Structure formats: C-alpha cells, structure tokens
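Residue-level listing of the chains:
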Amino acid sequence: MNTKDKWNLKHLDRITQLTEPQPNPRLKKLASYFKEGGTALDIACGLGGNSLFLAGMNNQVEAIDISDVAINYVQEQAAKDNLSVQPRVTDLTDLDTLNWPSNPFDFIVMSYYLDRSLFPIVKNVLKDGGYFFMETYYQSPYTEEQGVSDQYKLKSNELLTEFGDWKVLYFEENEQEGWQSIFCQKR
C-alpha cells in the first residue's frame, strides 16, 4: 500500500470517530502570538484542527497534506464555518512541488510529521519575525513501544539545535508521552 492510500484509510477511520477537529493543545495556548490577518501554512495538516483554529482567528491558511480524504474534509469544514483555508493535496516528499516564494508566511505549523529536509524550506518561507510551531514524536526511553519508527522521531533537543539561532519562546520534551515541541520566532 502506498503512502497516500495508507493515510486516506487512517483519515477515513478518524473522520468516523471525530466530532470536531481539535488544534494541538500547546499551539492553542500560544494563540496570543498569532495576530489576526496573517498568513499561515499548516504542513501535513491531517484533518485540519490546527488549520481551522488559525483560520478562526482571521488568518489566511494554506493547508497541505498527502491525503485527499483529509484535504476534502478540511475543505468541507472550512466552507461550513466560512473560514479562509486553502487546502491542497501535496506530496511532501516531492520537494519540487513546494515552490513558494521566499517569506510569504507569518506562521508555520507542523504537527506530528517529521521530514528533516523540510527544515530549510520552513526557514525560507517564513517571514522575518514570523512564528514556527512544531511538535512530533521523539526518541524517549519511555515510549519505545509506541509503534513509530525511530526515523520519524526527533533526537533529544533536536529542535533546539535546529532552530537555536531563532528566538525560542517555548520548548518542551515530554519523556513520558514521547513528544517534543518548539515554538520559535525567526530573527
């Protein structure tokens, strides 16, 4: 089964169990940093909890994901709530399709997706003074059995190392739950 089909099946299953897409709880707590009227990019948006949250704050959001099931769902939710979300199916492993001009976004969000080759793209397409939020799995000794390959897990403090030259406003490494989160501002 290819990646797109795998994620389409996962998202179909999640839609049947979902009442309303929810934003990442740490992103939601940082909402005061997101000015209204900005431009946002939600990378690997899934069912759009983060996208819809940012759009609900009067931001224009571009939501990208490999799953057309997820993108169709986000499009329906945005239309239902009259939110400014432009969802599109995008294979993030094909970097040639990611052809944004330099610095078009005020905010970038990447939640539970890890492809380190996207870090330079994030750094290029975020405006100076813009904000980046990322959270995903990391290699914690307490979560070896969570069913996620180590290639898709961050190393300890990896996001601090990668974005250490930016202004780090929030960083957490939760060993018990096995996630690492950063919120930083591009200088």
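Remember, it's a predicted structure, so these values are computed and weren't measured experimentally.

(A) Just the overall build of the protein chain, in detail. Across its full length, the protein chain carries 6 helices and 7 strands. The principal-axis extents of the C-alpha atoms in the protein chain amount to approximately 40 × 40 × 35 Å. Within the protein chain, the fraction of its 187 residues that count as buried is 49%. Here the contacts in the protein chain between residues at least 6 apart in sequence split such that 57% fall between residues at least 24 apart.

(B) The side chain of Q77, seen in detail. Considering the arrangement of structural elements, one finds Q77 in helix α4 (residues 68-80). Classification of Q77 by relative accessible area gives buried; the value is 12%. Not counting residues within four places of it along the chain, the set of residues in contact with Q77 comprises P21 and L52.

(C) Structural detail: the environment of L12. Mapped onto the fold, L12 is located in helix α1 (residues 3-17). The spacing of L12 and Y73 is 61 residues in sequence and 9.5 Å in space, taken between C-alpha atoms.

(D) Main features of the pairing of strand β6 (residues 167-174). As defined by bridge partners, β6 adjoins strand β7 (residues 179-185) across 7 bridges and the pair is classed as antiparallel. What sits directly across from K167, in β7, is Q185. Hairpin connection of β6 to β7: 4 residues between the antiparallel strands, including G178 at a positive phi of 75°.

(E) Broad picture of unusual backbone geometry. One non-glycine residue, Y112, lies in the positive phi region at around 60°. Even without a glycine there, the phi angle at N157 is positive, about 65°. Following the sequence through the fold, N157 ends up in the loop between β5 (126-137) and α6 (158-162). For N157, a relative accessible area of 34% gives the class partly exposed.

(F) View of the pattern of salt bridges. Enumeration according to the criterion identifies 6 salt bridges in this entry. With its nearest N and O atoms 2.5 Å apart, the salt bridge here joins R26 to E135. Of this pair, R26 sits in helix α2 (residues 25-29) while E135 sits in strand β5, and the two are 109 residues apart along the sequence. There is no split in this pair, since R26 and E135 are both buried. With a shortest N-O distance of 3.9 Å, D128 and K186 are connected by a salt bridge. Linking D128 in strand β5 with K186 in the segment after β7, this pair joins segments that are 58 residues apart in sequence.

(G) Quick look at a nonpolar patch on the surface. A cluster of nonpolar side chains, namely M1, L9 and L12, defines an oily patch on the protein surface of about 350 Å² accessible area. Position of L9 relative to the elements: it lies in helix α1. Taking relative accessible area as the criterion, L9 reaches 48% and is therefore assigned partly exposed.

(H) Summary view of the environment of G164. With respect to the helices and strands, G164 occurs in the loop between α6 and β6. The exposure class assigned to G164 is partly exposed, which follows from its relative accessible area of 47%. Residues G164 and C184, 20 residues apart in the sequence, show an inter-C-alpha distance of 8.9 Å.

Rules used in this analysis
Residues numbered from 1 in each chain as written. Predicted model: local features only at pLDDT ≥ 70, side-chain atom pairs only at ≥ 80, totals over all residues. Heavy atoms only, no water. Helix = DSSP H or I, 4+ residues; strand = E, 2+ residues; numbered from the N terminus. Buried < 20%, exposed > 50% of the residue type's maximum accessible area, 1.4 Å probe, protein only. Contact = heavy atoms within 4.5 Å. Pairing = 2+ DSSP bridges. Salt bridge = Lys/Arg side-chain N within 4 Å of Asp/Glu carboxyl O. Patch = residues over 30% accessible without salt bridge, like charges linked within 9 Å, V, L, I, M, F, W, Y side chains within 5 Å. Areas by Shrake-Rupley, 256 points an atom, 1.4 Å probe, with all protein chains shown as cover.

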